[in-house]
Amino acid sequence: MSCLAALCLLLLQTGAFGFGLDRGDSLSHQAITERAILNTTAQVCRALALAGGKDFTFPRLTAVSVAVACEASKSSRSFRQTINLIRNKNKRVDYRHFYDPHYHFDDEKFSEGRKIITEGLSVLKASNKLKNFEAAREKLGEILHPLQDFYSHSNWVEMENNLPNSNLIRENAIIGNIAAESRATCRNCIGNDCTNNILEDILREKILTSGYFNFVPLLASKPPGKCSHGDKFDRTKNIEPTGGINKDTLTSSHGHLHMKAANLAIAATSELLEDIRGAAGDRPFLQMMGIFKGNALCFVIDTTGSMSDDIAAVREVTSSIINSKVGTEDEPSVYILVPFNDPGFGPLTKTTDPEVFRNAINSLSANGGGDFPELSLSGLQLALTGAPPNSEIFLFTDASAKDQYLKSTVIALIERTKSVVNFMITNSLGLRRRRQSSRMVSSDAQLYRDLAQVSGGLAIEVTKSELPVATSIITESSSSSLVTLLQAARSPGKAENFTFTIDESVKNLTVYITGNLVTFTLISPSGVSQENDDTTGSLITASQSVGNFKTLQLKTQPGLWEIKMVSTNPYILKVIGDSPIDFLFDFLEVSQGPLGGLDVVDNRPRAGVNGSLMVTITGSDSTTVTEVILVESSGLREVNGSVEALGEGDFLAKFDRIPAEEFVVLVKGQNRNRSPGILQRQSPTTTKASTVTVTSPDSNSILVPGIPLSVPFSVMTSGAGGNFNIQATNDQGFNSNFPPSLFLGTGGSANGTVNLTAPSTTPSGTDVTLTIEVEAPGSADINYVVLRFTVLETVTDFTGPVCELLSLQSNCSDICSVAMWELSVQVTDGAEGTGVDRVSLRQGNGTMNTSVAAGSANATLVSYSSSCCSPDVELVVVDRVGNVASCSYSVRKTATISSQNATTISPTSTAAVASFSTRAVQSFFLCFSITILGLNLPF
């Protein structure tokens, strides 16, 4: 089957979801996005496997199957989370930009819509270049919505185009012959039949148009003779010419073309992802998608004078992890280091190279400090914004926090990122403060205990000599498949019984306890018991105690376990295990826009009212959620939700009340492929509801160096009024100003603005996280909004690099032999270009070398040599702002010369074909990708 035929076959097939917001019988934005991501990610893993000489079996297109095929099965959770984030950001465009035609290619706003896509693409590529993948994911979701809407809202499909409009992702390219404002494009529909309402001359002359839309009856208007969007929300549909042309669902005005529009949107999404892949490189692209082998390894380290022993312990554990984990499934996906002391903190080191990280740790030295308290929370804030979501962070210190005013900011970031923070506290801190005691003062450590409890981490208090033993927790926690089965904190301590269920998938069952003078009794599912001082029992296979920290390795026996805790002192109990099965969750609220529906809550949910929770099972396609419970942190009360299965691992839980007290999310379920199939998982981080709501519209997320950006925000309260304190902080220390307080009446609202400025020297791609906190009168209630911005210098280079074939030498025949062939290529980026940044191989098993061309600072020489058994090569060339060129060459005698922008040089009798990044070449690879997609999806 030819490439074009395969693509056409795909576009004619049918599907099972909807372009709209709800699951139905049409293709949705979410389904379009997910299918393209799964397919492109699988294609990248296939290319890497083949380049490494490995076989690759194309998987079923699910997050679990693709992660397994990519040899990163433990990343199925982060992959699923990335897909959900991108889908939710895509969906949110309809909620936040419902009235803006630019975001939907309505009202013939083609240039404006394309600008949203290309500007966002520049931001995304700059973020990826600095490994700011979270910012890149958020931007990707935003720009995919207008890209996909183009095929539903314009007449591209009606003009019988069978390929995406590639110029939608290229600035300064021609999108098409756009209809003049005075040119009529539609006639009245005949009743409800709009099949032929676009004028014949518009289609014949390939004139590009889109439907006009307005939701407000009194404001509904459009130029004479123009098409309308149509359907229930559009008030222009009754203005002649009546009807509409949108293809959002199977029942839309042009619903007969819905599937073709949706499948073209999948193809266009795949094309955009391929462009991002080319700019980033294959492995960074996979990291952006959440496909990696292990967790992030993140250290936040006090570097003041008394910390030399602690730094030595960190060096030791770093070497241990690097030596034991590199090359395994648990190899850290990224290494992050943030030093702090006083008066400074940072910079953040983020790398995927273990030796770079080892060298960064080895370069730390302990000096200074002076007045004892250090900027520990500033360092932690930077780590929380720089590390991937759901990271486990380790903070080492022997000092109290000088910047305690950041406590609520840090808690907001912990809640937002769902990250776990462990505090490794060495208690020579007391020596630095009082000189009369070697024990840490309890009040100094309480802040760290509070933050550990909120995050689901531990506050481990040891002497400096005990620290090397305590750091063994880091090695154990570096497994990327750890799940939390139970976590509870009690302050003050009390006698209490806890239960937890172990399923067949759980291995390496471990209990952590922090606290002094804590006793316990374990009872297994078979009824066998063992007390903490019993060294002959059969349940505890290994145990270790150091400082206030105890760790127990348990016999892994499926079923219901019980642990009876007895203590009058504060303690934290944590039960973890290795399992591929876990869950994600997001609180939902009813959207305030005209579309209704449920939108993801990015901060604290509303307290005391009903609410909803979306739960997604990860790591298993056969697990069903049976219960979702909000467990108050005190352990006194629980709120059970009603659970509805939505399909594809998603479950909607509805609650008649969201607790006002801190709580955790407990999920119970069944796995139909295992016996016994009952399982239990708990969120390690706690959640706090609020009567205060803080929102900020999705506005400009680009910070131009040296130019202030105004960030509006709104505050509402369902409680008492008064003066609400405002605090805005950012992790980069950029200058900002904001109102110190806002007055709200009871049940009222108010608006404010934060002005944020990046220094003129800030590199493009720098990610800045702005946290706006609002505190109700009396300091009893706090909520926040966390916003990401990307610093981007104005981009003027929109042209990709150019390849020029200088020579090709070959004695290859049609028979594979040990003979070699080689070529030389010069790559340039044009006189006005930003310069070539990277050249890599997309195809070819030979050896490539690059060098700067003599006499030309803007030219790169590429030499390539290969066995005749590998007769094809494709070079991917990227300039400094992410423009991508693909240059392909072959020494096949039967090579076919590309008819578009191809250069052919035949220094020998063997044909040589050089083809550049033209639409024909890109369509070939896109088609290849979609052909595979068509073989695996139930369209």
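About the cut-offs
Residues numbered from 1 in each chain as written. Predicted model: local features only at pLDDT ≥ 70, side-chain atom pairs only at ≥ 80, totals over all residues. Heavy atoms only, no water. Helix = DSSP H or I, 4+ residues; strand = E, 2+ residues; numbered from the N terminus. Core = buried A, V, L, I, M, F, W, Y, C linked by side-chain atoms within 4.5 Å. Buried < 20%, exposed > 50% of the residue type's maximum accessible area, 1.4 Å probe, protein only. pLDDT = per-residue confidence, 0-100. Contact = heavy atoms within 4.5 Å. Salt bridge = Lys/Arg side-chain N within 4 Å of Asp/Glu carboxyl O. Pairing = 2+ DSSP bridges. Axes fitted to C-alpha atoms, helices over the stretch in contact; angles between N-to-C directions. Disulfide = S-S within 2.5 Å. Phe/Tyr/Trp six-rings, centres within 6.5 Å; stacked < 30°, edge-to-face > 60°. Lys NZ or Arg CZ within 6 Å of the ring centre and 35° of its normal. Left-handed = near helix turned anticlockwise from the far one by under 90°. Nonpolar A, V, L, I, M, F, W, Y, C, P; charged D, E, K, R; others polar. Expected span 1.5 Å × (residues − 1). Polar contact = N/O pair within 3.5 Å; in protein donor to acceptor, adjacent residues only side chain to side chain.

Describing the environment of I361
Then, number 1: Turning to its location among the elements, I361 is positioned in helix α11 (residues 354-362).
Then, number 2: Sequence-wise, I361 and L337 are 24 residues apart; in three dimensions their C-alpha atoms are separated by 7.7 Å.

Focus on the nonpolar core
Then, number 1: F79, L140, Y151, L272, I276, M288 and M289 are the most contacted members of the largest nonpolar core, which has 57 residues in total.
Then, number 2: Listed by contribution, the elements that provide at least two residues to this core are α2 (29-51), α3 (63-69), α4 (76-96), α5 (110-129), α6 (133-153), α8 (258-280) and α9 (282-288).
Then, number 3: Per-element accounting of this core gives the leading share, ten residues, to α8.
Then, number 4: Of all hydrophobic cores here, the second largest spans 34 residues; its members include F340, I393, I411 and F423.

Regarding the confidence of the model for the chain
Then, number 1: With 89% of its residues at a pLDDT of 70 or more, the chain shows a mean pLDDT of 87.
Then, number 2: Ranking the elements of the chain by mean pLDDT puts strand β43 (residues 902-904) last with 32 and strand β2 (residues 207-208) first with 98.
Then, number 3: Predicted confidence is poor over residues 428-441, with pLDDT under 50, and the contacts of this stretch with residues over four places away or in other chains come to 32 contacts.
Then, number 4: This stretch, residues 894-939, has a pLDDT under 50; its non-local contacts, to residues over four places away or in other chains, come to 106 contacts.

Thoughts on the pattern of salt bridges
Then, number 1: Taken as a whole and assessed by the stated rule, the structure comprises 37 salt bridges.
Then, number 2: We note a salt bridge from K494 to E496, for which the minimum N-O separation is 4.0 Å.
Then, number 3: In this structure, E661 and R637 form a salt bridge, with 3.5 Å as the shortest nitrogen-oxygen distance. Pair noted here: E661 is in the loop between β24 (650-655) and β25 (663-671) and R637 is in the loop between β21 (623-632) and β22 (638-640), with a separation of 24 residues, a long-range link.
Then, number 4: Overall, the relative accessible area of 41% leaves R637 in the partly exposed class.
Then, number 5: Here the salt bridges do not stand alone but share partners, grouping E34, R80, R87 and D650 into one network.

Remarks on the environment of D310
Then, number 1: Within the secondary structure, D310 sits in helix α10 (residues 308-325).
Then, number 2: Each C-alpha atom, one on D310 and one on K464, is 6.7 Å from the other, the two residues being 154 residues apart in sequence.
Then, number 3: Residues within four places of D310 in sequence aside, it is in contact with T426, K464 and L467.

Some details on the sheet that holds strand β19 (residues 598-600)
Then, number 1: Sheet architecture is open: five strands sit in the order β19-β18-β20-β24-β23, paired in antiparallel fashion. Unpaired on one side and paired on the other, β19 and β23 (642-647) mark the two borders of the sheet. Direction aside, the axes of adjacent strands within the sheet are offset by 35° on average.
Then, number 2: Of the pairings in the sheet, the one linking strand β20 (residues 611-618) to β24 comprises six bridges and is antiparallel in character. Looking across to β24, one finds that G611 is bridged to F655.

Concerning the state of the cysteines
Then, number 1: Per the counting criterion, the structure on display carries six disulfides.
Then, number 2: Between the sulfur atoms of C189 and its disulfide mate C194 the distance is 2.0 Å. Judged by the sign of its S-S torsion, about 115°, the cystine formed by C189 and C194 is right-handed. Of the two residues, C189 and C194, both sit in the buried class.
Then, number 3: Residue pairing for C803: its cysteine sulfur links by disulfide to C887, the two sulfurs lying 1.8 Å apart. Because the sign of the S-S torsion sets the handedness, a value of about 70° for the bond joining C803 and C887 places this disulfide among the right-handed ones. Here C803 is found in strand β36 (residues 802-810), whereas its partner C887 is found in strand β42 (residues 884-890), with 84 residues between them in sequence. Considered together, C803 and C887 belong to a single accessibility category, that of buried residues.

What about the packing of aromatic side chains?
Then, number 1: One pass over the full model with this rule turns up 23 aromatic pairs.
Then, number 2: Measuring from centroid to centroid gives 5.3 Å for F105 and F150, while their planes differ by 75°, and the two rings are edge-to-face. Of this pair, F105 sits in the loop between α4 and α5 while F150 sits in helix α6; the two residues are 45 residues apart in sequence, bridging distant segments of the chain.
Then, number 3: For F105, a relative accessible area of 0% gives the class buried.
Then, number 4: Ring plane angle 25° and centroid distance 5.1 Å describe the contact between F423 and Y448, whose orientation is recorded as stacked. You can see F423 sitting in strand β7 (residues 420-426) and its partner Y448 sitting in helix α15 (residues 442-455), a full 25 residues away along the chain.
Then, number 5: Take F423: its relative accessible area is 0%, and that puts it in the buried class.
Then, number 6: By relative accessible area, Y448 is classed as buried at 0%.
Then, number 7: Three or more aromatic residues joined by ring pairs make a cluster, and in this case those are F98, Y99, F213, F215 and F233.
Then, number 8: Seen from the ring of F215, R235 lies directly overhead, with NZ or CZ sitting 5.4 Å from the centre.
Then, number 9: A cation sits over an aromatic face here: K418 above F585, 4.7 Å from the ring centre.

Topic: the packing of α6 against α8
Then, number 1: Relative orientation of the contacting elements α6 and α8 amounts to 140°, with a least axis distance of 8 Å. Crossing of α6 against α8: the hand is right-handed. Where α6 abuts α8, its residues L140, I143, L144, L147, Q148, Y151 and S152 lie against A261, L264, A265, A268, T269, L272, L273 and I276.
Then, number 2: Each residue belonging to the contact of α6 with α8 can be placed in one class, and the counts come to twelve nonpolar, three polar and no charged.

Considering α4
Then, number 1: Over its 21 residues, α4 runs 30 Å from end to end, which matches the ideal 30 Å to within 8%, given 1.5 Å per residue.
Then, number 2: Most of α4 is tucked away, with 17 of its 21 residues classed as buried.

A few points about the sheet that holds strand β33 (residues 749-757)
Then, number 1: If you walk across this open sheet you meet the four strands as β27-β29-β33-β31, and the pairing is antiparallel. Two strands in the sheet have a free side with no partner beyond their single neighbour: β27 (692-695) and β31 (735-737). Across the sheet, the mean angle separating the axes of adjacent strands is 25° when strand polarity is ignored.

Brief notes about the side chain of S65
Then, number 1: Structurally, S65 is set in helix α3.
Then, number 2: For S65, the side chain forms a polar contact with the side chain of T62, separated by 3.0 Å.
Then, number 3: Setting aside residues no more than four positions away along its own chain, S65 makes contact with P59, R60 and D621.

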